[in-house]
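Listed here are the chains, written in short residue letters.
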Amino acid sequence: MLGLNKKDATLLIVVAALTLCAPFILNPFPTGSAMAQFNAGYPDLMQRFIIFGIFAIGFNILFGLTGYLSFGHAAFLGVGSYSAVWIFKLFTYNVIPAITLSVVVAAIFSLFIGFVSLRRSGIYFSILTLAFAQMSFALAYSVLSNPKFNLTNGETGLQVYADDPQWFHRDSLPDLPHLFGLSMRSTYSLELGAWRFDFNAGYYLCAVILMIVFYLAIRIFRSPFGMMLRAVKSNQQRMNYTGLNTRPYTLAAFVISGMYAGLAGGLMAAMDPLAGAERMQWTASGEVVLMTILGGTGTLIGPVLGAGFIKYFENIFSKINDTVLHNWFAFLPDGIEDFVVFIVHPFIGKGWHLTLGLLFMLVVIFLPGGLVEGGQRIGRLLKGKKKAPDSEDPEHHPKETPHVAE
Amino acid sequence: MGILDVKNVNKNFGGLKALSNVNLSVRENTVHAIIGPNGAGKSTLLNCLVGKLIPDTGSVMFDGKSVLGRSPYEINQMGISRVFQTPEIFGDLTVMENMMIPIFARRDGAFRMHAYESVANESGIIERAEQVLEDMNMADKRHMHAAAMSRGDKRRLEIGMCLSQEPRLLLLDEPTAGMARADTNNTIDLLKQIKEERDITIAIIEHDMHVVFSLADRITVLAQGTPLVEDDPQNIKGNPKVREAYLGESA
Ligand SMILES: Nc1ncnc2c1ncn2[C@@H]1O[C@H](COP(=O)(O)OP(=O)(O)OP(=O)(O)O)[C@@H](O)[C@H]1O
Ligand SMILES: [Mg+2]
């Protein structure tokens with residue numbers, strides 16, 4: 001199907017089914033029930049799942065295939081957001097031109113940054129990308145925001161104001177990002193007994209784009225180009241002496257992953273028309289690294305899982321507070337209840353990073369292949385242990401190969 | 001004039017004269033062995049031929065064109081393939097993929113952005129890779145991870161990868177080092193067969209005299225960075241200078 005083998009086609013169909021049914025799947029608990037706070041099926045969070053999924057899929061094309069660990073990919077995400085908001089300010093709230101420009105600008109940016117950074121490999125490459133991203137952050141945060149030349153609107157962040165030109169805007173169109181008139185915020189809520197499911201236009205736009213870019217990622221993974229990228233990770237020396245120039249291969253991978261990041265940034269702005277410098281900060285770059293490793297570096301679905309996992313924690317665990325805890329543990333005798341709440345307290349609310357950090361450590365130590373490996377192990381247990389691991393699938397057994405500087 | 005001409009090449013590492021005034025001419029369609037004791041500069045000389053090192057002085061011409069200043073991938077695209085002293089293969093990839101990459105490199109050049117096509121549809125490349133694996137007696141290992149193979153198999157794979165490119169000049173750095181006797185004999189047979197079947201020039205560095213005298217048409221003895229003698233195999237055996245510098249030492 002679509003030029004994919006059976007296994008990949010199945011994966012694509014599963015991903016499509018999951019994203020399209022996400023409003024149901026993510027809202028398993030009746031509204032108003034005690035468990036309702038674990039529901040993740042509200043538009044804002046679902047959009048974020050998808051957007052960071054796209055970001056991580058792209059990042060994995062660089063990191064998972066070539067092994068080049070970039071610590072600056074948030075810069076491309078930020079650039080994408082700024083580009084989109086400028087389209088909103090100057091021309092139109094239609095998201096198509098905005099998203100297109102995000103991808104184009106991120107491509108140009110990543111071509112430049114990649115060209116310079118890829119002169120080195122290993123840790124030096126990572127540091128160079130980090131330096132570029134922090135420079136971009138500084139530019140966005142202060143340098144490019146002054147009364148004479150205000151490109152980024154500094155601390156406040158770039159947003160659309162009533163006196164912006166918006167040349168192609170007509171009054172009949174929504175005063176928010178829209179797709180040919182369909183507002184990204186428009187949501188249809190389906191009430192089924194005690195349950196409520198939200199179907200949001202913005203979410204479905206993101207979902208369709210995710211499916212397209214996920215499909216493209218599969219094509220890249222299975223292409224001769226993808227094989228060359230894995231060869232780069234495995235042995236650059238052999239590549240050079242085999243008549244292959246590694247530089248354009250790594251640069252192409254870098255630019256492709258930068259474009260995915262720009263797309264994610266553009267979609268973020270399309271869901272909520274503002275862009276801030278904090279989107280480019282190194283913590284944001286680090287987050288996508290965590291997502292990819294947590295999900296499974298070099299696997300197709302891993303980065304999407306990792307992104308979902310982290311965003312779920314960020315949004316759900318951070319909302320649990322002491323009152324909620326007291327409710328949960330109310331059945332315990334008072335003294336013990338307080339004690340349990342005291343123990344759990346550091347891991348929830350603002351402390352969700354702590355929980356995530358622990359989980360991350362557990363995964364990296366016990367499941368070096370990430371959540372995907374966990375899934376495969378469970379699958380193997382269920383099928384019976386007879387079947388040996390698939391040796392035809394090298395990208396599912398990623399190995400650490402340090403890049404020796406040339 | 002040979003297919004490969006090395007003239008007055010010098011290479012120093014700090015104070016160490018690794019190569020001094022090396023002249024070497026390899027005639028087309030011959031097997032030229034370079035022998036010499038450890039540290040004689042054999043690998044260094046090879047590195048100067050493939051762009052890994054740049055000689056301090058001198059010239060290296062391949063087929064009338066200078067290779068100096070070109071990167072390894074350009075030199076490979078000119079028609080020189082190289083096997084390393086310790087096998088260099090794509091350990092994370094399967095044997096089949098290892099074999100396909102050099103064939104892609106020959107067909108598509110140093111870079112091609114074929115990111116949308118599927119490897120599975122490249123029937124021409126697949127057939128060719130399978131055929132080379134067959135020739136190398138490795139067809140049963142095609143789905144194995146290259147890193148999981150024995151050292152001898154890795155070496156054979158590397159030789160196969162180089163041969164799949166149909167190079168005009170094949171450079172082998174101790175291709176039988178660390179191989180069992182049987183594997184060594186297989187390699188000799190393989191190289192003999194290649195030499196008969198194709199238009200190929202081979203330059204081989206080797207310590208194993210059995211290999212050298214079974215294959216070589218011409219031998220250069222290198223000692224302390226300088227070529228001592230260059231002659232036909234039967235004359236090398238009796239040469240007193242060679243005995244002293246090399247054969248005597250190891251006997
Ligand atoms: N990159 C380098 N830097 C410094 N010295 C080097 C370098 N490469 C080789 N040498 C030195 O140059 C001399 C020649 O080394 P080379 O590896 O060419 O010898 P060889 O003839 O290949 O020996 P062997 O039979 O052990 O492989 C040695 O003394 C070696 O230590
Ligand atoms: Mg050597």
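Position labels on residues start from 1 in each chain and follow its written sequence. Here chains are named by letter from A upward and ligands by number from 1 upward, in the order in which they appear as written. Only residues with pLDDT of 70 or above have their local features reported here, since the model is predicted, and side-chain atom pairs are shown and tallied only from 80 upward, although totals for entire chains, interfaces and linings are computed over all residues. Side-chain measures were taken over the full set of non-hydrogen atoms in the model, leaving aside hydrogen atoms and water.

### Section: the overall build of chain B
Going along the chain from the N terminus, every DSSP run of H or I of four or more residues is numbered as a helix, and every run of E of two or more is numbered as a strand. Looking only at helices and strands, one finds nine helices and ten strands in chain B. Our radius of gyration looks at C-alpha atoms and nothing else; its globule reference is 2.2 Å times the residue count to the power 0.38. Taking 18 Å as the expected radius of gyration for a compact globule of 251 residues, we find that chain B reaches 18 Å, a close match to that expectation. For the C-alpha atoms alone, the extent of chain B along its principal axes is close to 60 × 40 × 35 Å. Scored against the burial criterion, the 251 residues of chain B give a buried share of 56%. Pairs at least 24 apart in sequence give 66% of the contacts found in chain B among residues at least 6 apart. What sets the accessible areas is the Shrake-Rupley method with a 1.4 Å probe; for residues, cover comes only from the shown protein chains. A total accessible area of about 10,400 Å² is found for chain B, and carbon and sulfur atoms account for 47% of it. Residues scored as positive are Lys and Arg, those scored as negative are Asp and Glu, and His as well as the terminal groups of each chain are ignored. To locate a charge, the coordinates of NZ of Lys, CZ of Arg, CG of Asp or CD of Glu are taken. The distance from the centre of the 28 positive side-chain charges to the centre of the 34 negative ones in chain B is 4 Å. When a residue's accessible area, from a 1.4 Å probe over protein chains only, is under 20% of the maximum for its type it is buried; when over 50% it is exposed; and in between it is partly exposed. It only takes one pair of heavy atoms within 4.5 Å for two residues to be counted as in contact.

### Quick notes on the sheet that holds strand E10 (residues 226-231) of chain B
Residues and elements named next belong to chain B. Taken together, six strands build an open sheet; the order of strands is E6-E7-E8-E3-E9-E10 and the sheet is mixed. Of all the strands in the sheet, just strand E6 (80-83) and E10 have a single pairing partner and so form its edges. Looking at each pair of strands side by side, their axes are set apart by 15° on average, direction ignored. Along the sheet, helix H1 (residues 42-49) contacts strand E3 (31-35), E6, strand E7 (169-173), strand E8 (201-205) and strand E9 (218-223); its crossing angle with E7, the most-contacted strand, is approximately 150°. Two strands make a pair as long as DSSP finds a minimum of two bridges between them. For every element, the axis is a line fit to its C-alpha atoms; helices are fit only across the contacting stretch, and the angle between N-to-C directions ranges from 0 to 180 degrees.

### Remarks on the nonpolar core
Ile-54 and Leu-267 of chain A together with Leu-157 and Ile-204 of chain B are the most contacted members of the largest nonpolar core, which has 160 residues in total. Considering each element in turn, this core owes the most residues, 16 residues, to helix H10 (residues 246-271) of chain A. Among residues more than four places away in sequence, those in contact with Leu-157 of chain B are Ile-89, Val-95, Asn-98, Met-99, Met-138, Ala-146 and Met-149 of chain B. What makes a nonpolar core is a set of buried Ala, Val, Leu, Ile, Met, Phe, Trp, Tyr and Cys residues whose side-chain atoms join them at distances within 4.5 Å.

### Comments concerning the coordination of the magnesium ion (ligand 2)
With distances of 2.0 to 2.4 Å, the protein atoms coordinating the magnesium ion (ligand 2) are Ser-43 of chain B (OG) and Gln-85 of chain B (OE1). With Ser-43 of chain B in helix H1 and Gln-85 of chain B in the loop between E6 and helix H3 (95-108), the pair connects residues that are 42 residues apart, well separated along the chain. Listed donor atoms are N, O and S within 2.8 Å of the metal (Na, K and Ca: 3.2 Å). As water is not included, a site may look incomplete.

### Structural notes on the confidence of the model for chain A
Residue and element names in this part refer to chain A. For every residue, the predictor assigns a confidence score, pLDDT, that lies between 0 and 100. Summing up the model confidence of chain A, the mean pLDDT is 90 and the portion of residues at 70 or higher is 95%. At the level of individual helices and strands, chain A shows its lowest average pLDDT in helix H13 (residues 322-328), which scores 81, and its highest in H10, which scores 98. In this model, residues 387-406 is a region of pLDDT below 50 whose contacts with residues beyond four sequence positions or in other chains number 43 contacts.

### A word on a nonpolar patch on the surface
Residues and elements named next belong to chain A. Each patch is built from residues that are more than 30% exposed by relative accessible area and take part in no salt bridge. Like charges join if they lie within 9 Å; nonpolar side chains (Val, Leu, Ile, Met, Phe, Trp, Tyr) join within 5 Å. Any carboxyl oxygen of Asp or Glu within 4 Å of a side-chain nitrogen of Lys or Arg constitutes a salt bridge here. Taken together, Phe-347, Leu-354, Leu-358, Met-361, Leu-362, Ile-365 and Phe-366 make up a surface patch of nonpolar side chains, about 680 Å² in accessible area. Mapped onto the elements of the fold, Leu-354 is located in helix H15 (residues 352-366). Given a relative accessible area of 44%, Leu-354 falls into the partly exposed group.

### Considerations on the interface of chain A and chain B
One widely used convention gives an interface's size as the accessible area the parts lose upon coming together. Chain A puts 32 residues into the contact, and the matching count from chain B is 40 residues. Accessible area, probed at 1.4 Å, shrinks when two parts are joined; the buried area is that loss added up over both. Among the residues of chain A in contact with chain B, Met-227, Arg-238 and Tyr-241 of chain A are the three that bury the most area, contributing 23% of the side total. Arg-238 of chain A serves as the salt-bridge partner of Glu-158 of chain B, at 2.6 Å between the closest nitrogen and oxygen. Those elements giving two or more residues to the side of chain A that touches chain B turn out to be helix H7 (201-222), helix H8 (224-234), helix H9 (236-240) and H10 of chain A. Looking at the side of chain A that touches chain B element by element, the count peaks at seven residues for H8 of chain A.

### Topic: the confidence of the model for chain B
Considering every residue of chain B, the mean pLDDT works out to 91; 98% of them sit at 70 or more. Interface predicted TM-score (ipTM) for the complex: 0.93; the corresponding pTM is 0.92.

### Observations regarding the packing of aromatic side chains
Stacked, edge-to-face and tilted are the three classes for Phe, Tyr and Trp ring pairs, Trp counted by its six-membered ring, which pair at centre distances within 6.5 Å; planes under 30 degrees apart are stacked, over 60 edge-to-face, the rest tilted. Under the defined criterion, the tally for this structure stands at 22 aromatic pairs over all chains. Measuring from centroid to centroid gives 5.7 Å for Phe-38 of chain A and Trp-328 of chain A, while their planes differ by 25°, and the two rings are stacked. Linking Phe-38 of chain A in the loop between helix H2 (22-25) and helix H3 (43-66) with Trp-328 of chain A in helix H13, this pair joins segments that are 290 residues apart in sequence. Owing to a relative accessible area of 31%, Trp-328 of chain A belongs among the partly exposed residues under this scheme. Where Phe-199 of chain A meets Tyr-204 of chain A, the ring centres are 6.4 Å apart and the plane angle is 20°; that geometry is what we call stacked. Residue classification places Phe-199 of chain A among the buried residues on the basis of a relative accessible area of 19%. Members of the aromatic cluster, joined through ring pairs, are Phe-24, Tyr-188, Phe-197, Phe-199, Tyr-203 and Tyr-204 of chain A. Lysine NZ or arginine CZ positioned within 6 Å of the ring centre and within 35 degrees of the ring normal marks a charge as sitting over the ring. Sitting over the face of the ring of Phe-213 of chain B, Lys-237 of chain B holds its NZ or CZ atom 4.6 Å from the ring centroid.

### A short note on the site of ligand 1
Residues and elements named next belong to chain B. Being near a molecule or strand, for a residue, comes down to having at least one heavy atom within 4 Å of it. The environment of ligand 1 is formed by 13 residues, the closest being Asn-38, Gly-39, Lys-42, Ser-43 and Thr-44. Under the rule applied, a polar contact is a pair of N or O atoms within 3.5 Å (in protein, one hydrogen donor and one hydrogen acceptor; residues adjacent in sequence only if both atoms are side-chain atoms). One of the side-chain nitrogen or oxygen atoms of Ser-43 is found 2.8 Å away from an oxygen atom of ligand 1. Between ligand 1 and the protein, one listed contact pairs an oxygen atom with a side-chain N or O atom of Gln-85 at 3.0 Å. Considered on its own, ligand 1 offers 630 Å² of accessible surface; in the complex 61% of this is hidden by protein. At three residues, the largest contribution of residues to the shell around ligand 1 is made by H1. Here the term charged refers only to Asp, Glu, Lys and Arg, the term nonpolar to Ala, Val, Leu, Ile, Met, Phe, Trp, Tyr, Cys and Pro, and the term polar to all other amino acids, Gly among them. Here the shell around ligand 1 is composed, by residue class, of four nonpolar, seven polar and two charged.

### A few points about the pairing of strand E4 (residues 57-62) of chain B
Residues and elements named next belong to chain B. Both strand E1 (residues 4-13) and E4 contribute to a ladder of five bridges, which runs antiparallel. Bridged to Lys-7 within E4 is Ser-59. Strand direction decides the pairing type here: E4 and strand E5 (residues 65-66), joined by two bridges, are antiparallel. Along E5, the bridge assignment pairs Met-61 with Ser-66. Between E4 and E5, which pair antiparallel one after the other, the connecting turn spans two residues, and Asp-63 there sits at a positive phi close to 55°.

### Details of the pairing of strand E5 (residues 195-200) of chain A
Residue and element names in this part refer to chain A. Here strand E4 (residues 187-192) pairs with E5 via six bridges, running antiparallel. Paired with Leu-190 across the strands is Phe-197, a residue of E5. Taking the residues between adjacent antiparallel strands as the criterion, E4 and E5 are bridged by two residues, where Gly-193 takes a positive phi near 60°.

### A closer look at unusual backbone geometry
Residue Phe-180 of chain A is not a glycine yet carries a positive backbone phi of 45°. You can see Phe-180 of chain A is positioned in the loop between strand E2 (178-179) and strand E3 (182-183). For Phe-180 of chain A, a relative accessible area of 66% gives the class exposed. Positive phi, normally seen in glycine, also occurs at Gln-224 of chain B, with a value near 50°. Position of Gln-224 of chain B relative to the elements: it lies in the loop between E9 and E10.

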